[in-house]
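Structure at a glance
Listed below, chain by chain, are the residues.
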Amino acid sequence: VAAQVPAQPPAPHDHGAPTAQVGAVHLATSCAAAAQPGFDRGVAFLHSFWFSAAIETFNGVLKDDPGCVMARWGIAMSWWSNPFAGFRSPQALAAGLAAIDAGRASGGGSDREKAYLAAVDQLFRDAGTRDQRTRIVAYEKAMEALVARFPEDVEARIFYALALGQSALPTDKT
C-alpha cells in the first residue's frame, strides 16, 4: 500500500515567542521584589532548555535589579546549556564565567545564593586546565552540599538531581 505524501513539508520546529507558556516555577531570591517574577520565568525557561530566552529574561531581571546575584547564576546556567551535552564552546565557557565573576563582584546575595554561584562556578572555572568531567563532578558535589545545607530548597534538589544525571558515567549500571 502506497503512503500518501503531503504536498508541503511540515513546518520547522518552533518554540514560539518568549511569551509562550512554560509552566510555573518559584525560586526565592534576595533580588528586588519587582524582579522576582522575571527571575522565576527565567528559571522556567532554563528548565525548559530554552537557553536563549532564559538569558534574555535574566538580563531583563538585571535591568530591574543590577545586583541580583541569582540572575547572574541563571545566565551562567543558561550558557552551560543542555546538562547532558558533551561539548561547550570556548565562547559559552567565557560568557558563563563572566556572569559568575560579575555576580561575585557585586558582593550581593544571601549565603544560599552565593552557594548557587559557587556551585555553577565549578562548571566554568579553569576550563583550560581541568577537564569537563572533573568540573561536572565538582559541580555535583557542590550541589550536594547546597542541598544538605538548604534541604527545604526544592529547586536546589532539582538542580542537584540534574547534576547527578550529568555526572553519572554511561557505563555505571548501578
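Please read all numbers here as calculations on a predicted model, not as lab measurements. (Residues numbered from 1 in each chain as written. Predicted model: local features only at pLDDT ≥ 70, side-chain atom pairs only at ≥ 80, totals over all residues. Heavy atoms only, no water.)

A few words now on the side chain of Arg88. Structurally, Arg88 can be placed in the loop between α3 (69-80) and α4 (90-106). At 12 Å, Asp131 is the nearest oppositely charged side chain to Arg88, a buried residue that forms no salt bridge. At 2.6 Å, the side chain of Arg88 and the backbone oxygen of Trp80 are in polar contact. Within polar-contact distance, the side chain of Arg88 engages the backbone oxygen of Ala85 at 2.8 Å. (Helix = DSSP H or I, 4+ residues; strand = E, 2+ residues; numbered from the N terminus. Buried < 20%, exposed > 50% of the residue type's maximum accessible area, 1.4 Å probe, protein only. Lys, Arg positive; Asp, Glu negative; His and termini not counted. Salt bridge = Lys/Arg side-chain N within 4 Å of Asp/Glu carboxyl O. Polar contact = N/O pair within 3.5 Å; in protein donor to acceptor, adjacent residues only side chain to side chain.)

As a further point, take helix α7 (residues 154-167). Every α-helix winds through 3.6 residues per turn, so residues three or four apart in the chain are directed the same way. In this model, α7 (14 residues) spans 20 Å end to end at C-alpha, consistent with the 20 Å of a helix rising 1.5 Å per residue. Within the sequence span of α7, burial applies to Glu155, Ala156, Phe159, Tyr160, Ala163, Gln166 and Ser167. Here the buried residues of α7 occupy an arc of 135 degrees about the axis, which is enough to place them on one side. Contacts made by the buried residues of α7 are with α1 (36-47), α3, α5 (111-124) and α6 (132-149). (Expected span 1.5 Å × (residues − 1). Arc of directions from axis to C-beta. Contact = heavy atoms within 4.5 Å.)

A pair can form between side chains of opposite charge whenever their charged atoms are brought close. Scanning the entire structure with this criterion turns up 6 salt bridges. The salt bridge involving Arg125 is made with Asp101; its shortest N-O contact spans 2.6 Å. Placement of Arg125 in the loop between α5 and α6 and of Asp101 in helix α4 is noted, with a sequence separation of 24 residues between them. Residue class for Arg125 comes out partly exposed when judged on its relative accessible area of 23%. The closest approach of N and O atoms between Asp121 and Arg104, which form a salt bridge, is 3.4 Å. Of this pair, Asp121 sits in helix α5 while Arg104 sits in helix α4, placing them 17 residues apart in sequence.

Moving on, we get to unusual backbone geometry. If you check the backbone angles, Phe49 has positive phi at about 60 degrees while not being a glycine. Inspection of the secondary structure assignment puts Phe49 in the loop between α1 and α2 (51-64). Positioned with a positive phi, Asp126 is a non-glycine residue whose angle comes to about 60 degrees. Relative to the helices and strands, Asp126 is located in the loop between α5 and α6.

The next thing to look at is the environment of Cys68. Following the sequence through the fold, Cys68 ends up in the loop between α2 and α3. On the basis of relative accessibility, which here comes to 1%, the residue Cys68 falls in the buried class. With 45 residues separating them along the chain, Cys68 and Glu113 place their C-alpha atoms 9.6 Å apart.

A few words on the state of the cysteines. Scanning all chains against the criterion turns up 1 disulfide. A sulfur-sulfur distance of 2.0 Å marks the disulfide that ties Cys31 to Cys68. On the sign convention where negative means left-handed, the S-S torsion of about 70 degrees between Cys31 and Cys68 marks this disulfide as right-handed. Taken together, the residues span a long stretch of sequence, with Cys31 in the segment before α1 and Cys68 in the loop between α2 and α3 at a distance of 37 residues. (Disulfide = S-S within 2.5 Å.)

Turning our eyes to something else, we now look at the environment of Met143. Topologically, Met143 is positioned in helix α6. For Met143, a relative accessible area of 1% puts it in the buried group. Those residues in contact with Met143 that sit more than four places away from it in its chain are Tyr116, Ala119, Ala156, Phe159, Tyr160 and Ala163.

Here we come to the packing of aromatic side chains. Any two aromatic rings considered together are summarised by their centre-to-centre distance and by the angle between their planes. By the definition in use, this model includes 7 aromatic pairs. Ring geometry for Phe45 and Trp50: centres 5.0 Å apart, planes at 80 degrees, overall edge-to-face. Trp50 carries the same exposure label as Phe45, and that label is buried. Plain terms: the ring middles of Trp73 and Phe159 are 5.2 Å apart, the flat faces sit at 85 degrees to each other, and that makes the pair edge-to-face. Of this pair, Trp73 sits in helix α3 while Phe159 sits in helix α7, and the two are 86 residues apart along the sequence. For Phe159, a relative accessible area of 4% gives the class buried. (Phe/Tyr/Trp six-rings, centres within 6.5 Å; stacked < 30°, edge-to-face > 60°.)

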